[in-house]
Amino acid sequence: MACQKVILILTKLYDFNLGSVTESSLWRSTDYGTTYEKLNDKVGLKTVLSYLYVSPTNKRKIMLLSDPEIESSILISSDEGATYQKYRLNFYIQSLLFHPKQEEWILAYSLDQKLYSSMDFGRKWQLMQERVTPNRFYWSVTGLDKEPDLVHMEARTADGHTHYLTCRIQECSETKRSGPFSRSIDISSLVVQDEYIFIQCPFPFPLPYTDENQVFAAVQEWNQNDTYNLYISDTRGVYFTLALENVKSSRGLEGNIIIDLYEVAGIKGIFLANRKIDDQIKTFITYNKGRDWRLLQAPDTDLRGDPVVCQLPFCSLHLHLQLSENPYTSGSISSKETAPGLLVATGNIGSELSYTDVGVFISPDGGNSWRQIFEEEYNVWFLDWGGTLVAMKHTSVPIRHMWVSFDEGRSWSKYSFTSTPLFVDGSLVDPGIETQIMTVFGHFSLRSEWQLVKVDYKSIFSRRCNKDDYQTWHLHNQGEPCVMGERKIYKKRKPGAQCSLGRDYSQTVVSEPCVCGQGDFECDYGYERHSNNQCVPAFWFSPSSLSKDCSIGQSYLNSTGYRRIVSNNCTDGLREKYMAKMEKCPGKAPRGLQIITTDGKLVTEQGHNATFIILMEELDFGDGIAVSYANFSPVEDGIRHVYKSAGIFQVTAYAENSLGSDTAVLFLHVVCPVEHVHLSVPFVAIRNKDINITAVVWPSQAGTLTYFWWFGNSTKPLITLESSISYIFTVEGMNTVTVQVAAGSTLIQDTKEIAVHEYFQSQLLSFSPNLDYHNPDIPEWRQDIGKVIKRALVTGIPDEQILVAVFPGLPTSAELFILPHKNTTERRKSSEADLEQVVEVLFNALNQNLVQFELKPGVEVIVYVTQLTLAPLVDSSTGHSSSAMLMLLSVVFVGLAVFLIYKFKRPSTALPPQTQCSESSPRVQKSSCDMLQQVFELQIRNGNAACSLSTELHNADLVKKSHDGCHPTVYIHLANCLSAAVSCLYLAK
């Protein structure tokens, strides 16, 4: 730190074995580095310091940070570092940000990602925000923010997303914080620079660069890997036009993307860029902010004075454009505001940029002409307003010489700055000071302490410069005297004049505007420059499209396809021809009509308010009034509507005026939350034969549902809009079937198992009436009873050959399945005979009332055979007989019988249908439900129930279309009953 004649230096001793800093020393000089005083006793002998800060608005104010691994404290000085006050902190500071104008205001970022503020130069701190992104907090911008204490920050909110927030340092509670941008943003994307605020979403690109009310943005296209396209904006930073394609990029030390673009200091409009052409990197220069680019002309001669053979465009000068990340070295390219037109850069001559055969080149005229000054890499610093150049070899070995030039690098004088060679780490140089002093620091060996060498050049200068020591220099672009619409004449010291300029030196600049020519205009937004140098509309742009703010009776600026380059000061000439023309706004038809719901979703629940917002880019009423609407709804909060039924509804908005119309359509899904799903499947199925599977949903008026079906170990479901599906099982054994039903945001499921075999036999079972009294009609009870019946039946028969399924409802009934032995499937004929023997054994036991079980003490339940004849052997053979016709007629007969019973037993007063689908449980209307129970009982007692009863719902439509309020299990009984009747009549052939 240099403050007039005061220099402060903080040194630290790093212990490589411990991996941390163990000691630090603070040094202070009041004679610009001639002598130094060690201040460890003033900051604390045991205090280990990590950072030194100087207030940018008051160089007398110094702040030191302690090493956070040892303690958390700061030391404050108000007298250029002579004395210090120590303050303990309850958090650990990682970095500080000083206010650009208020010397007492500081922001501190902690190691745990919290942002603190202080208004008394660090004596007291206040927490502002947690979960702040590193290096993404900024003070207010003059001209942009009204409050000087406003802070822009990027932080993660409670929802886990990253947001852009602002608040004042004394009013930063959660209620006072605001989010200028409602959506989440990409992490580490907030940039506040000059009068622009940048946020990024959703794809990454390098940080933008601002210059004189303009923004440069690098954008990577889908087909680019290590290059970016460079765009330049209008003065508002909104509309961008292409400036240069395929600009080279690289990665910084912290992984950030660096674009090879360099702005020449001291002269506006001049930029250098490295561009990739045919897999070769070449250096280009522009004198009009990116409108025109050209290659750099190589020097005419080399260092030895021999001619250089280098013909454009096959050969040119190429430069390394990376700025030094070490502030104490000059970097690969350097220019200064205090030395306009003077550039020093590392590069090479050839067909492309090289990283091996490099030298140092200088341009005294803003990049028009170049000379080589060194054949190897050197650090070059500007002294005395650029009138003196100091160079040191950039090397990893120790050196003791430096070179000085007074004639812009044409000749160099060698000086020794130390008697012992020094490993140079850097140099402190101020190019605008009067003293002509620089401080070189380094070390004699890898284990030695730091060495500071003060180099004073005052003795080299014999006198102060007078008017005869100056000459004028005309800025130009390859002989064209007008650059950025101006003729500029600079005053600088004559090469070789060994005099000092001093602190009172001023660069007198004569500037006068030029007449506007074609080179002073670039293509406007939406236009591209073609080979004839004309700006024509791009394929995606329609020049006839007007500003959305334009209405009848108003005027707008109609672009000619050109716009004057920002910061260009030309006058007259082509300015009138190319400037945008003010024109009257014509009438327009409605456009951009949209319909959205307030929550942005296309699903709503039946019986709830659905609120619609109508959006339109612009509506011209045709009477001289035109408005751009954010919400075109008749009420401020949107249009509300309640749907009383479920389904998919087409919502249409229509806007019309005398010039045309526009229509917008939205398809809204109105759903009713489903409460229950029952998966109806057969207990046993035949391998390689179709079976129907049905999902019964309650309530039945749920609207459009989506069904997801999983079979066995399948990881991908079958998706249907129908509640039934046919499926063929190809693998014997127990197979799992799962259905999920989706209605809006609700998802419910049911799972069943199916035993799949080549053939089987089955038998309906009934029970003594006392079982009905204890039947709670729940799935768990039915499963337990099935296991009890199975145990009562199995007497020497393999357990896996018996399956008992208890049906829902009353009276209690079940179906007995006799399955083939799993090891005898291939021996079909003998296996069938074995199966018949098993059936006969079980049948005899059942007919003799030998199968019974004790439900609980004192309650003995007897198992009966419901039919006198067993169901035939069922298999997958395809034989046809007259029994098929008989079965069809039987189905018709049974259906007619059920209808007649239902008709005559139905109450005289019609039951009201259910209209509310959202009831928590189905209403059981006793009269109707009792009727269905009676039908079921009648079927059973008359012996018409099937010997082979399946739970597959053949009458699912009946279940869905009924509105009498009965529980779905009643309909399942009825469906089972009808299936049973079919099977029984099939036997009667």
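Because the structure is a prediction, the values reported are computed rather than measured.

Participant: Looking at this structure, how should I read the overall build of the chain?
Facilitator: Assigned secondary structure in the chain consists of 9 helices and 70 strands. The buried share of the chain, reckoned over its 989 residues, is 46%. Summarising the internal contacts of the chain: among those between residues at least 6 apart in sequence, 54% fall at separations of at least 24. Element-wise, carbon and sulfur atoms account for 52% of the exposed surface of the chain, whose accessible area totals about 50,000 Å².

Participant: Mind showing me how you'd approach the sheet that holds strand β51 (residues 603-605) here?
Facilitator: Strand pairs in the sheet, formed through backbone hydrogen bonds, run parallel or antiparallel to each other. Spatially, β51-β56-β55 is the arrangement adopted by the 3 strands of the open sheet, whose pairing is mixed. The sheet is open, and its two borders are formed by β51 and β55 (647-657), each paired with just one other strand. Averaged over all pairs of adjacent strands, the angle between strand axes in this sheet comes to 35°, irrespective of strand direction. Where β51 lies against strand β56 (residues 660-671), 3 bridges are found, and the strand directions are parallel.

Participant: Sorry, what's going on with a nonpolar patch on the surface here?
Facilitator: Taken together, Ile-648, Val-665 and Phe-667 make up a surface patch of nonpolar side chains, about 280 Å² in accessible area. Examined against the element boundaries, Val-665 turns out to sit in strand β56.

Participant: Would you mind going over the state of the cysteines with me for this structure?
Facilitator: What we call a disulfide is simply a covalent bond connecting the sulfur atoms of a pair of cysteines. Applying the stated rule across the entire model yields 6 disulfides. Residue Cys-465 pairs covalently with Cys-499 via a disulfide, S to S 1.9 Å. Its S-S torsion of about 95° marks the bond between Cys-465 and Cys-499 as right-handed, since a negative value means left-handed. With Cys-465 in the loop between β39 (463-464) and β40 (470-474) and Cys-499 in strand β42 (residues 499-500), the pair connects residues that are 34 residues apart, well separated along the chain. Given the relative accessible area of 0%, Cys-499 is considered buried. The disulfide that involves Cys-482 links it to Cys-514, with 2.0 Å between the sulfurs. Since a negative S-S torsion denotes a left-handed disulfide, the Cys-482-Cys-514 link at about -95° is left-handed. Here Cys-482, found in the loop between β40 and β41 (486-493), pairs with Cys-514, found in the loop between β43 (509-513) and β44 (521-523); they are 32 residues apart in sequence, far enough to count as distant. In this structure Cys-514 comes out as buried when scored by relative accessible area, which is 3%.

Participant: Would you mind going over the nonpolar core with me for this structure?
Facilitator: Soluble globular proteins tend to bury their nonpolar side chains together. Counting 26 residues, the largest nonpolar core has Ile-789, Leu-793, Leu-816, Leu-842 and Leu-846 as its most contacted members. Every element with two or more residues in this core is listed here: β65 (759-767), α4 (779-793), β66 (802-806), β67 (813-818), α5 (828-847) and β69 (859-865). If you tally residues by element for this core, the top one is α5, at 5 residues. Beyond its immediate stretch of four places on either side in the chain, Leu-816 contacts Gln-761, Ser-762, Gln-763, Leu-765, Leu-793, Ile-802, Leu-803, Val-804, Leu-842 and Leu-846.

Participant: What exactly am I supposed to notice about unusual backbone geometry here?
Facilitator: Of note, the amide linkage connecting Leu-312 to Pro-313 takes the cis form, showing an omega dihedral of 0°. You can see Pro-313 is positioned in the loop between β26 (294-295) and β27 (316-319). Residue Trp-698 is joined to Pro-699 through a cis peptide bond whose omega torsion reads -5°. Assignment of secondary structure puts Pro-699 in the loop between β59 (690-698) and β60 (706-711). Unlike most non-glycine residues, Tyr-32 shows phi in positive territory, near 55°.

Participant: What should I look at first to understand the pattern of salt bridges in this one?
Facilitator: Pairs can form between side chains of opposite charge once their charged atoms are near each other. Across all of its chains, the model carries 27 salt bridges by this definition. Among the ionic pairs, Glu-130 bridges to Lys-114, the shortest N-O distance being 3.9 Å. Placement of the pair is Glu-130 in the loop between β12 (126-129) and β13 (132-139) and Lys-114 in the loop between β10 (106-110) and β11 (115-118), with a sequence separation of 16 residues. Classification of Glu-130 as partly exposed rests on a relative accessible area of 34%. Given a relative accessible area of 22%, Lys-114 falls into the partly exposed group. The closest approach of N and O atoms between Lys-752 and Asp-750, which form a salt bridge, is 2.7 Å. Note on Lys-752: relative accessible area 24%, which makes it partly exposed. Beyond isolated ion pairs, a larger network of salt bridges with shared partners links Lys-61, Glu-103 and Glu-104.

Participant: I would appreciate a short explanation of the side chain of Ser-25 in the present structure.
Facilitator: Along the chain, the position of Ser-25 falls in strand β3 (residues 20-29). The buried category is assigned to Ser-25, whose relative accessible area is 14%. Other than its neighbours up to four places away in sequence, Ser-25 contacts Ile-9, Leu-10, Thr-11, Lys-38 and Asn-40.

Participant: Got a minute to help me understand the packing of aromatic side chains in this structure?
Facilitator: Ring pairs (aromatic) are described by centroid distance and by the angle formed between their planes. In this structure the tally under the stated criterion is 30 aromatic pairs. Ring geometry for Tyr-51 versus Tyr-53: centroids 6.3 Å apart, planes at 40°, classification tilted. A ring pair is formed by Trp-540 and Phe-541, whose centres lie 5.9 Å apart and whose planes are at 75°; its orientation type is edge-to-face. A connected cluster of aromatic rings, assembled from ring pairs, spans Tyr-239, Tyr-525, Tyr-527, Trp-540 and Phe-541. The ring centre of Tyr-51 lies 5.3 Å from the NZ or CZ of Lys-12, which sits over that ring. For Lys-491, the ring lying beneath its charged end belongs to Tyr-470, and the centroid distance is 4.6 Å.

Participant: Would you mind showing me how to read the environment of Thr-420 here?
Facilitator: Positionally, Thr-420 belongs in the loop between β35 (413-416) and β36 (423-429). Overall, Thr-420 belongs to the partly exposed group, its relative accessible area being 38%. Counting along the chain gives 21 residues from Thr-420 to Ile-399, while the straight-line C-alpha distance between them is 8.2 Å. When near neighbours in sequence (up to four residues on either side) are disregarded, Thr-420 contacts Arg-400 and Phe-444.

Participant: Is there a simple way to think about the sheet that holds strand β37 (residues 437-443) in this case?
Facilitator: Taking strand neighbours across the sheet as the criterion, the 3 strands line up as β36-β37-β38 in an open arrangement whose pairing is antiparallel. Edge positions in the sheet fall to β36 and β38 (450-456), since each of these pairs with one other strand and no more. Mean inter-strand twist for the sheet, computed between neighbouring axes without regard to direction, equals 25°. In terms of strand pairing, β37 meets β38 through 7 bridges, oriented antiparallel. Pairing of Phe-441 across the sheet is with Leu-452, part of β38.

Participant: Hey, could you run me through empty space enclosed by the protein in this one?
Facilitator: A water-sized probe rolled over the atoms picks out the places where empty space is left. According to the stated counting rule, one finds 7 cavities of 30 Å³ or more in the structure shown. For the largest cavity, the calculated volume is near 220 Å³. In this structure, the largest cavity is lined by 19 residues; those nearest its centre are Trp-385, Gly-386, Glu-408, Lys-492 and Arg-493. Secondary-structure elements contributing two or more residues to the lining of the largest cavity are β29 (339-350) and β41.

Participant: When you look at the confidence of the model for the chain in this model, what are you seeing that I'm missing?
Facilitator: Summing up the model confidence of the chain, the mean pLDDT is 79 and the portion of residues at 70 or higher is 81%. This stretch, residues 619-631, has a pLDDT under 50; its non-local contacts, to residues over four places away or in other chains, come to 34 contacts. The model gives residues 868-989 a pLDDT under 50, and that stretch makes 199 contacts with residues more than four places away or in other chains.

Participant: Just to check I follow, could you spell out α4 for this structure?
Facilitator: Note on helix geometry: an α-helix contains 3.6 residues per turn, so any two residues three or four positions apart are oriented the same way. The end-to-end C-alpha separation of α4 is 21 Å, in line with the 21 Å expected for 15 residues at 1.5 Å each. The set of residues buried in α4 consists of Trp-781, Arg-782, Ile-785, Gly-786, Ile-789, Lys-790 and Leu-793.

Participant: Could you clarify how one ought to interpret the environment of Asp-662 in this entry?
Facilitator: Mapped onto the elements, Asp-662 comes out in strand β56. Judged by its relative accessible area of 19%, Asp-662 is buried. Each C-alpha atom, one on Asp-662 and one on Met-616, is 9.5 Å from the other, the two residues being 46 residues apart in sequence. Not counting chain neighbours up to four residues away, the residues in contact with Asp-662 comprise Pro-590, Arg-591, Gly-592, Leu-593, Ala-653, Tyr-654 and Ala-655. A distance of 3.0 Å separates a polar side-chain atom of Asp-662 from the backbone nitrogen of Leu-593.

Participant: Help me out: how do you make sense of the environment of Asp-520 in this one?
Facilitator: Relative to the assigned elements, Asp-520 resides in the loop between β43 and β44. Judged by relative accessible area, Asp-520 falls into the buried class, the value being 11%. Separated by 38 residues in sequence, Asp-520 and Cys-482 place their C-alpha atoms 9.5 Å apart. Aside from chain neighbours lying at most four places away, what touches Asp-520 is Gly-485, Val-515, Arg-563, Arg-564, Ile-565, Asn-568 and Cys-570. There is a polar contact of 2.8 Å between the side chain of Asp-520 and the backbone nitrogen of Gly-517.

Participant: What am I meant to see in the side chain of Thr-283 here?
Facilitator: Looking at the element boundaries, Thr-283 is found in strand β25 (residues 280-286). What makes Thr-283 buried here is its relative accessible area of 0%. A polar contact of 2.8 Å, which involves the side chain of Thr-283, links it to the backbone nitrogen of Leu-319. Residues contacting Thr-283, with those up to four places away along its chain left out, are Leu-272, Ala-273, Asn-274, Arg-294, Leu-295, Leu-296, Leu-317, His-318 and Leu-319.

Definitions and limits used
- Residues numbered from 1 in each chain as written.
- Predicted model: local features only at pLDDT ≥ 70, side-chain atom pairs only at ≥ 80, totals over all residues.
- Heavy atoms only, no water.
- Helix = DSSP H or I, 4+ residues; strand = E, 2+ residues; numbered from the N terminus.
- Buried < 20%, exposed > 50% of the residue type's maximum accessible area, 1.4 Å probe, protein only.
- Contact = heavy atoms within 4.5 Å.
- Areas by Shrake-Rupley, 256 points an atom, 1.4 Å probe, with all protein chains shown as cover.
- Pairing = 2+ DSSP bridges.
- Axes fitted to C-alpha atoms, helices over the stretch in contact; angles between N-to-C directions.
- Patch = residues over 30% accessible without salt bridge, like charges linked within 9 Å, V, L, I, M, F, W, Y side chains within 5 Å.
- Salt bridge = Lys/Arg side-chain N within 4 Å of Asp/Glu carboxyl O.
- Disulfide = S-S within 2.5 Å.
- Core = buried A, V, L, I, M, F, W, Y, C linked by side-chain atoms within 4.5 Å.
- Phe/Tyr/Trp six-rings, centres within 6.5 Å; stacked < 30°, edge-to-face > 60°.
- Lys NZ or Arg CZ within 6 Å of the ring centre and 35° of its normal.
- 1 Å grid on protein atoms, 1.4 Å probe; cavity = no way out; pocket = protein on both sides within 12 Å on 5 of 7 lines; lining within 4 Å.
- Points joined across faces, edges and corners; volume = space filled by probe spheres on them.
- pLDDT = per-residue confidence, 0-100.
- Expected span 1.5 Å × (residues − 1).
- Polar contact = N/O pair within 3.5 Å; in protein donor to acceptor, adjacent residues only side chain to side chain.

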